[in-house]
Amino acid sequence: MARIAVIGGDGIGPEVVEAGIRVLEAAARSDPSLQLEFERFPWGCEYYLKHGRMMPGDALETLSGFDALYLGAVGWPSVPDHVSLWGLLLPIRRGFDQYVNLRPVRLLRGVQSPLAEPGELDLVVVRENTEGEYSDAGGRLHRGTPHEIAVQETVFTRRGVERIVRYAYEEAKKRRGRLTGATKSNGISITMPFFDEIFREVGEEFPEVEASLMHADALAARLVLAPEAFDVVVGSNLLGDILSEITAAACGAIGIAPSANLNPTGEHPSLFEPIHGSAPDIAGKGVANPAGAIWAASLMLEQLDHAAAAARVLGALEETLAEGVRTPDLGGEAGTEEFTDEVVRRLP
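These numbers were taken from a predicted model, which means no experiment stands behind them.

Asks: Help me get a handle on the sheet that holds strand β5 (residues 122-128), residues and values and all.
Replies: Strand order in the open sheet made by the 10 strands is β2-β1-β3-β12-β11-β4-β5-β10-β8-β9, with mixed pairing throughout. The open sheet has two edge strands with one neighbour each: β2 (36-40) and β9 (210-215). Direction aside, the axes of adjacent strands within the sheet are offset by 20° on average. In terms of strand pairing, β5 meets strand β10 (residues 232-235) through four bridges, oriented parallel.

Okay, structure coming up:
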């Protein structure tokens, strides 16, 4: 029995997560080996407005007993973004050492890419998830005066860079054998050359992988112009975040893309989520696209060693899209519930 902690979060988060749970339950009905148990936690911005914090002080202790975490989305206009992010998702990522943020990208059948000639889109962005540019080191001085100063430190450790780069090399080795490291060493003179050096050092252990470094701005342009040239892309916390949004958009819609926050050692639970936001403007209207949450559920099954069930879920999702069932963000008319019904119906 795999125990899943469910944090619906804010806006459309609960809607898309419940859609994903319906799909997971349908997959389990036809697979006796797949036994899932869900427990829901009402944490997020609404909880913050009532209690002054995004989740309880013992939340990590509570979550540590689960096999996986399933998150909808976090954020609401009345709560500053840095409060919502630093109050829930980042403490989970860092407390559970989920140092790999894995974002697979594919142009699914039935989804039209905004690119004129999208070619073959099938790549993975591996993003460092616990340090880098998203550190909490720094501060502000002389607030509210003309002399105000804001300083935020970027923190790169050898351990942090080495383990994310090694994970990316291993991923490339399992796929098509090509790895691109995102850098900006022509403008950032300390941390980025450090990243580059470790990228090359680790690469000596993987002679079978064709590896290269590319400046992130040029890489962003190349991912739009020739995405078929890439297999695995690895980057720091900030660069990986930005590049994975670009690749998701190239595949047709942010609403489709999934994300896995992985603790590869298995010492702590990993967290799975769609990459889209809470979309307050459409919350409660029944039109949110659950595809990203469903794909994230497939990634969760794979991580829980149910590869066959994961493939069935992703196959049913793609078949639904290929047959023209789409939510409004993809130019269709299906609501969240109708779209989910169709995915469930196609599960073998």
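Asks: Quick rundown of unusual backbone geometry? Include the residues and the values.
Replies: Generally, phi is negative for residues other than glycine and the peptide bonds are trans, each holding for most cases. At Asp-97, a position not held by glycine, the phi torsion is positive, near 50°. By the element assignment, Asp-97 lies in the loop between α4 (81-95) and β4 (100-106).

Asks: Run through the nonpolar core, naming residues and quoting values.
Replies: Counting 86 residues, the largest nonpolar core has Ile-4, Tyr-70, Val-126, Leu-179, Leu-317 and Phe-339 as its most contacted members. For this core, the element with the highest residue contribution is helix α9 (residues 291-303), accounting for nine residues. In this view, Leu-179 contacts Ala-168, Tyr-169, Ala-172, Phe-199, Val-209, Glu-210, Ala-211, Ser-212, Val-232, Val-233 and Val-234; residues no more than four positions away in its chain are not counted. Residues Ile-7, Trp-43, Met-54 and Leu-71 belong to the second largest nonpolar core, which totals 19 residues.

Asks: Account for the packing of helix α5 (residues 158-174) against helix α6 (residues 191-203), naming residues and giving values.
Replies: Two elements in contact, α5 and α6, have axes separated by 9 Å at closest approach and are oriented at 45°. The pairing of α5 with α6 is recorded here as oblique in orientation. Viewed along their axes, α5 and α6 form a crossing whose handedness is right-handed. The segment α5 lies against α6, with Arg-158, Val-161, Glu-162, Val-165, Arg-166 and Tyr-169 engaging Phe-194, Phe-195, Ile-198, Phe-199, Glu-201, Val-202 and Gly-203. Each residue belonging to the contact of α5 with α6 can be placed in one class, and the counts come to eight nonpolar, one polar and four charged.

Asks: Help me get a handle on α6, residues and values and all.
Replies: Helix length check: α6, at 13 residues, gives a terminal C-alpha distance of 18 Å against a target of 18 Å (1.5 Å per residue), a fit within 8%. Residues of α6 that are buried: Thr-191, Met-192, Phe-195, Asp-196, Ile-198, Phe-199, Val-202 and Gly-203. Summarising the contacts, the buried residues of α6 are in contact with α5, β8 (178-183), β9, β10 and α8 (237-250).

Asks: Provide a residue-level description of helix α11 (residues 336-345), including the pertinent values.
Replies: Within α11, burial applies to Thr-336, Phe-339, Thr-340, Glu-342, Val-343 and Val-344. Buried residues in α11 make contact with α1 (13-29), α9 and α10 (307-322).

Asks: Give a description of the pattern of salt bridges that names residues and reports values.
Replies: Enumeration over the complete set of coordinates arrives at 29 salt bridges. Here Arg-22 makes a salt bridge to Asp-341, at a shortest N to O gap of 2.6 Å. Taken together, the positions of Arg-22 in helix α1 and Asp-341 in helix α11 put the pair 319 residues apart, joining distant regions of the chain. Residue classification places Asp-341 among the partly exposed positions, given a relative accessible area of 34%.

Asks: Report on the environment of Val-74, specifying residues and quantitative values.
Replies: Among the secondary structure elements, Val-74 is positioned in the loop between β3 (68-73) and α4. Residue Val-74 is classed as partly exposed on the basis of its relative accessible area, which comes to 23%. Expressed as a C-alpha distance, the spacing of Val-74 and Met-192, which sit 118 residues apart in the sequence, is 30 Å. Contact partners of Val-74, with chain neighbours within four places excluded, come to Asp-10, Met-54, Ser-84, Leu-88 and Ser-278.

Asks: Can you break down the side chain of Asn-263 residue by residue, with the values?
Replies: Mapped onto the secondary structure, Asn-263 falls in the loop between β11 (258-262) and β12 (270-274). Of the polar contacts made by the side chain of Asn-263, one reaches the backbone oxygen of Phe-96; its length is 3.4 Å. Not counting chain neighbours up to four residues away, the residues in contact with Asn-263 comprise Phe-96, Asp-97, Gln-98, His-268 and Ser-270.

Definitions and cut-offs
Residues numbered from 1 in each chain as written. Predicted model: local features only at pLDDT ≥ 70, side-chain atom pairs only at ≥ 80, totals over all residues. Heavy atoms only, no water. Pairing = 2+ DSSP bridges. Helix = DSSP H or I, 4+ residues; strand = E, 2+ residues; numbered from the N terminus. Axes fitted to C-alpha atoms, helices over the stretch in contact; angles between N-to-C directions. Core = buried A, V, L, I, M, F, W, Y, C linked by side-chain atoms within 4.5 Å. Buried < 20%, exposed > 50% of the residue type's maximum accessible area, 1.4 Å probe, protein only. Contact = heavy atoms within 4.5 Å. Parallel < 35°, antiparallel > 145°, perpendicular 65-115°, else oblique. Left-handed = near helix turned anticlockwise from the far one by under 90°. Nonpolar A, V, L, I, M, F, W, Y, C, P; charged D, E, K, R; others polar. Expected span 1.5 Å × (residues − 1). Salt bridge = Lys/Arg side-chain N within 4 Å of Asp/Glu carboxyl O. Polar contact = N/O pair within 3.5 Å; in protein donor to acceptor, adjacent residues only side chain to side chain.

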